[in-house]
Amino acid sequence: MAESFPPSTKKRERRWSMTEPPLISSSSGPLTEELQCSICLDVFTDPVTTPCGHNFCKTCLNKCWDNSQTCNCPYCKQTFKHRPDLKINTTLRELVDHYKKKSPEKKPEVLKKAEVLCDVCEERKQKALKSCLVCQSSYCETHLEPHLRVAGLKKHKLINPVSNLEDYICQKHERPLELFCRDDQTCVCPVCLVTDHKNHNTVSLEETQLIIQDTQQKIQDRFKKIQDIKHSAEVRKRNTEKEKAARVELFTDLIHSIERCQTELLEMMEEQQKAAEKQEEELIEELEQEITELKMRNTELEQLSHTEDHLHLLQIYSSLCSSKNTRNWSEISVKTDESLETLRRALTKLQDSLQEKLTHTELKRIQQYAVDVTLDPDTAHPNLILSDDGKQVRHGDIEQKLPDKPKRFDRFVNVLGKEGFSSGRFYFEVQVKGKTDWTLGVVRESINRKGAFALSPSNGHWTVWLRNGNSYKALADPRVSLCVRVKPQRVGVFVDYEEGLVSFYDVESSSHLYSFTDQSFTGKLYPYFSPCPNDGGKNSTPLIITPVKHNQ
């Protein structure tokens, strides 16, 4: 990188901080060009910096964007997805203000780049390619050649061509201004460093160039970070809105379910009330009829009681008493309170319904993390037969002759997925329809694959299984028997690596089977499949990795 130097060797009117760069020019030419807006070609007014690192007057840039359908940098044409929120570049504004104070007489047109000609050319002067601070001359490409070839000239200080070379030379010692004194805020030569500025805090102009570049890069990085944060905020806002809509839909559905359950319960209670009232009316009617009959019988008995023929009286009394059997009303009671069993059944039904809806919603959410799982033949036990597409596995009767690779299981009929996961979330589904035995889950990459081993989280296995067609268990420490309402036909497996979570679902019934929680994962986790022995054909149906059909 070629260096340029400021045209002043005097102390600055204000003191800059140790981290601020001195007023120097960049590799593009004199200082004035660094302070010039490429839109209006004037000294910056309220300079702002685009995310790509270029500077413009705030008003110029806003007008440029206001009159355009796209938002891009006028200098490099980089397009921004969203219009940047422009902030004043305070450091650059201070540089501009300082320059204006130092050079109030300069007009805007002075800022336009003037062509520097070669000092050596005699007839038609060519455009200078470099200026030498030692020779205090500017050279075209031809006359610059000795400075690039001769050993002594190679040590000379070359900069981009400038017409005011005297401003880059120390007027006191006639040496190039190569250093900047931070204490006195001025440019100095090497002789100044050991005389007037001895023991001062100085920095080379090359370092200041690096500071400027580093500052510009930081500005660009921070603009990019702002855009990243804004983008993340927009994504989060969209996701939040989607989640809010989903939650509103869920709770609306739950409210409707509760209201429906309430309505059904009230209707049931109303029907029970009507049935009880009807029963009560029938009982009262029967009682009134018996009372009428008893009164008539009592009247007859009273009339007969006056007869003197007692034998005849006993015969008639016996006939009246045995003419009709009345109900034993002491055994009949009327309920005054509704049975709590009705309420309990209704609440249980509601709980099951709500749990199903919650699990259904949970499945919809985690199915977005579905991954494409393919079986790894290098891990498959020799008795296992894999489909050509790597999506199905079943147990065969004959052991295949396969190379005994370190990854291959040699004792249990297991196979792993090809891809492992060491972060994030992932989900896959497996069809288990028609099987009497199977084992599914995820395992740590470092598990033992040779000989016998126990399936457990402590050994790096997070699995559930079916045995004997009806015994479902989660292979935790200790094992947990699972109660399923219906026999699962398709099992979903979800893993949240950072949360230490492995969950299993019955996809068809939208029910949760089991979750391993608060686990500590290390290394990669691989999907794990075991179709189990075919049991003479009873368990010959394959395990099938199925595409995820998102629940509606």
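The rules we used
Residues numbered from 1 in each chain as written. Predicted model: local features only at pLDDT ≥ 70, side-chain atom pairs only at ≥ 80, totals over all residues. Heavy atoms only, no water. Helix = DSSP H or I, 4+ residues; strand = E, 2+ residues; numbered from the N terminus. Buried < 20%, exposed > 50% of the residue type's maximum accessible area, 1.4 Å probe, protein only. Contact = heavy atoms within 4.5 Å. Areas by Shrake-Rupley, 256 points an atom, 1.4 Å probe, with all protein chains shown as cover. Phe/Tyr/Trp six-rings, centres within 6.5 Å; stacked < 30°, edge-to-face > 60°. Pairing = 2+ DSSP bridges. Axes fitted to C-alpha atoms, helices over the stretch in contact; angles between N-to-C directions. Arc of directions from axis to C-beta. pLDDT = per-residue confidence, 0-100. Core = buried A, V, L, I, M, F, W, Y, C linked by side-chain atoms within 4.5 Å. Salt bridge = Lys/Arg side-chain N within 4 Å of Asp/Glu carboxyl O. Patch = residues over 30% accessible without salt bridge, like charges linked within 9 Å, V, L, I, M, F, W, Y side chains within 5 Å. Lys, Arg positive; Asp, Glu negative; His and termini not counted. Charge placed at Lys NZ, Arg CZ, Asp CG, Glu CD.

Q: What is the right way to look at the overall build of the protein chain in this model?
A: Helices and strands together make up the secondary structure of the protein chain, namely nine helices and 21 strands. The proportion of buried residues among the 552 residues of the protein chain is 38%. Excluding contacts between residues fewer than 6 apart, the proportion of contacts in the protein chain whose partners are at least 24 apart in sequence is 61%. For the protein chain, the computed accessible surface area is about 32800 Å², with 50% contributed by carbon and sulfur atoms.

Q: Help me understand the packing of aromatic side chains, please; the structure alone is not making it clear to me.
A: The geometry of an aromatic ring pair comes down to the distance between the two centres and the angle between the two planes. Applying the stated criterion to the full structure yields twelve aromatic pairs. Ring geometry for Phe-412 against Phe-453: centres 5.1 Å apart, planes inclined by 85°, an arrangement best described as edge-to-face. Taken together, the residues Phe-412 in the loop between β10 (392–395) and β11 (415–416) and Phe-453 in the loop between β13 (438–444) and β14 (461–467) connect sequence positions 41 residues apart. With a relative accessible area of 33%, Phe-412 lands in the partly exposed category. With relative accessibility at 15%, the residue Phe-453 sits in the buried group. For the ring pair Tyr-514 and Phe-516, a centre distance of 5.0 Å and an interplane angle of 80° mean the geometry is edge-to-face. Across the pair, exposure class does not vary: Tyr-514 and Phe-516 are buried alike. Counting every residue linked through ring pairs, the aromatic cluster contains Phe-409, Phe-412, Phe-453 and Tyr-528.

Q: What am I meant to see in the sheet that holds strand β7 (residues 186–188) here?
A: Sheets are built from strands that pair by backbone hydrogen bonding, the pairs being arranged parallel or antiparallel. If you trace the three strands from one edge of the open sheet to the other, you get β7-β6-β8, paired in antiparallel fashion. In this open sheet, the two edge strands, each paired with only one partner strand, are β7 and β8 (202–204). The mean inter-strand angle of the sheet, taken between neighbouring strand axes irrespective of direction, is 35°.

Q: Teacher, can you tell me more about helix α2 (residues 58–66) here?
A: An α-helical segment advances 3.6 residues per turn. Residues three or four places apart therefore align on the same side. Those residues of α2 that sit buried are Cys-60, Leu-61 and Trp-65. The buried residues of α2 occupy an angular sector of 125° when the element is viewed end-on, so they sit on one face. In α2, the exposed positions that point more than 90 degrees away from the buried face belong to Lys-63 and Asp-66. Where α2 is buried, its residues touch β1 (47–49) and β2 (55–57).

Q: I would appreciate a short explanation of the confidence of the model for the protein chain in the present structure.
A: Should the pLDDT be low somewhere, the predicted coordinates at that spot are not to be read in detail. Within the protein chain, residue pLDDT values average 83, and 86% of them lie at 70 or more. Across residues 1–30, confidence stays below pLDDT 50; counting only partners more than four residues off in sequence or on other chains, it has 108 contacts. Predicted confidence for residues 105–112 stays below pLDDT 50, and this span has twelve contacts to residues more than four positions away or in other chains.

Q: What should I look at first to understand the environment of Gly-53 in this one?
A: In this structure, Gly-53 sits in the loop between β1 and β2. For the pair formed by Gly-53 and Gln-213, sequence separation is 160 residues and the distance between their alpha carbons is 10.0 Å.

Q: Help me understand the nonpolar core in this model?
A: Inside soluble globular proteins, nonpolar side chains tend to come together where they are buried. Residues Trp-438, Val-502 and Phe-529 are the most contacted members of the largest nonpolar core, which totals 36 residues. Filtering out sequence-adjacent residues up to four positions away, Phe-529 remains in contact with Val-373, Leu-375, Val-413, Asn-414, Val-415, Gly-417, Phe-428, Val-430, Thr-439, Leu-440, Leu-543 and Ile-545. Among the nonpolar cores identified, the runner-up in size contains 19 residues, and Val-43, Val-48, Cys-57 and Phe-80 belong to it.

Q: What exactly am I supposed to notice about the environment of Lys-154 here?
A: Relative to the helices and strands, Lys-154 is located in helix α5 (residues 151–154). Given the relative accessible area of 51%, Lys-154 is considered exposed. When neighbours within four sequence positions are excluded, Lys-154 is seen to be in contact with His-147, Leu-148 and Arg-149.

Q: What am I meant to see in the pattern of salt bridges here?
A: If the charged atoms of two oppositely charged side chains come close together, the side chains can form a pair. The full count for this structure, using the stated rule, is 15 salt bridges. With a shortest N-O distance of 3.0 Å, Lys-405 and Asp-378 are connected by a salt bridge. One end of the pair, Lys-405, is in the loop between β10 and β11; the other, Asp-378, is in the loop between α9 (340–366) and β9 (384–386), with 27 residues separating them in the sequence. Taken together, the shared-partner salt bridges in this structure form one network comprising Glu-429, Arg-490 and Glu-508.

Q: Where do I start with the pairing of strand β20 (residues 525–530) in this structure?
A: In the case of a regular strand, side chains alternate between the two sheet surfaces. Across the six residues that make up β20, a large majority, six, are buried. Bridging between β11 and β20 involves two bridges; their strand directions are antiparallel. Pairing of Val-415 across the sheet is with Phe-529, part of β20. Relative to β20, β13 runs antiparallel, the two sharing six bridges. The partner of Thr-439 across the bridge, within β20, is Ser-530.

Q: Looking at this model, I keep getting lost on the pairing of strand β21 (residues 543–546). Mind explaining?
A: Here β21 shows no split at all, with Leu-543 and Ile-545 on one side and Ile-544 and Thr-546 on the other all buried. Bridge count for β10 against β21 is two bridges, and the pairing is antiparallel. In the strand pairing of β21, Val-393 is matched with Leu-543.

Q: How should I be thinking about the sheet that holds strand β5 (residues 158–159) in this particular structure?
A: Across the sheet, which stays open at both edges, the three strands sit in the order β4-β3-β5 with antiparallel pairing between neighbours. Two strands in the sheet have a free side with no partner beyond their single neighbour: β4 (137–139) and β5. As paired elements, strand β3 (residues 130–132) and β4 share three bridges and run antiparallel to each other. Bridge pairing links Lys-130 to Tyr-139 in β4. Relative to the sheet, helix α4 (residues 141–149) contacts β3, β4 and β5, its axis offset from that of β4 by approximately 110°.

Q: I keep staring at a negative patch on the surface and nothing clicks. Help me out?
A: On the surface, a cluster of negative charge is contributed by Glu-267, Glu-270, Glu-271, Glu-277, Glu-281, Glu-282, Glu-285 and Glu-288. Relative to the helices and strands, Glu-285 resides in helix α7 (residues 205–304).

Q: Would you explain unusual backbone geometry in this entry?
A: Peptide bonds are trans in most cases, and residues, glycine excluded, mostly fall at negative phi. Residue Pro-478 is bonded to the preceding Asp-477 through a cis peptide linkage, with omega at 0°. The topology assignment puts Pro-478 in the loop between β15 (471–474) and β16 (480–481). Positive phi, normally seen in glycine, also occurs at Lys-77, with a value near 70°. Secondary-structure assignment places Lys-77 in the loop between α2 and α3 (90–102). Residue classification places Lys-77 among the exposed residues on the basis of a relative accessible area of 54%. Positive phi, close to 55°, is recorded for Glu-174, a residue that is not glycine. Note that Glu-174 resides in the loop between β5 and β6 (179–181). Residue classification places Glu-174 among the exposed positions, given a relative accessible area of 62%.

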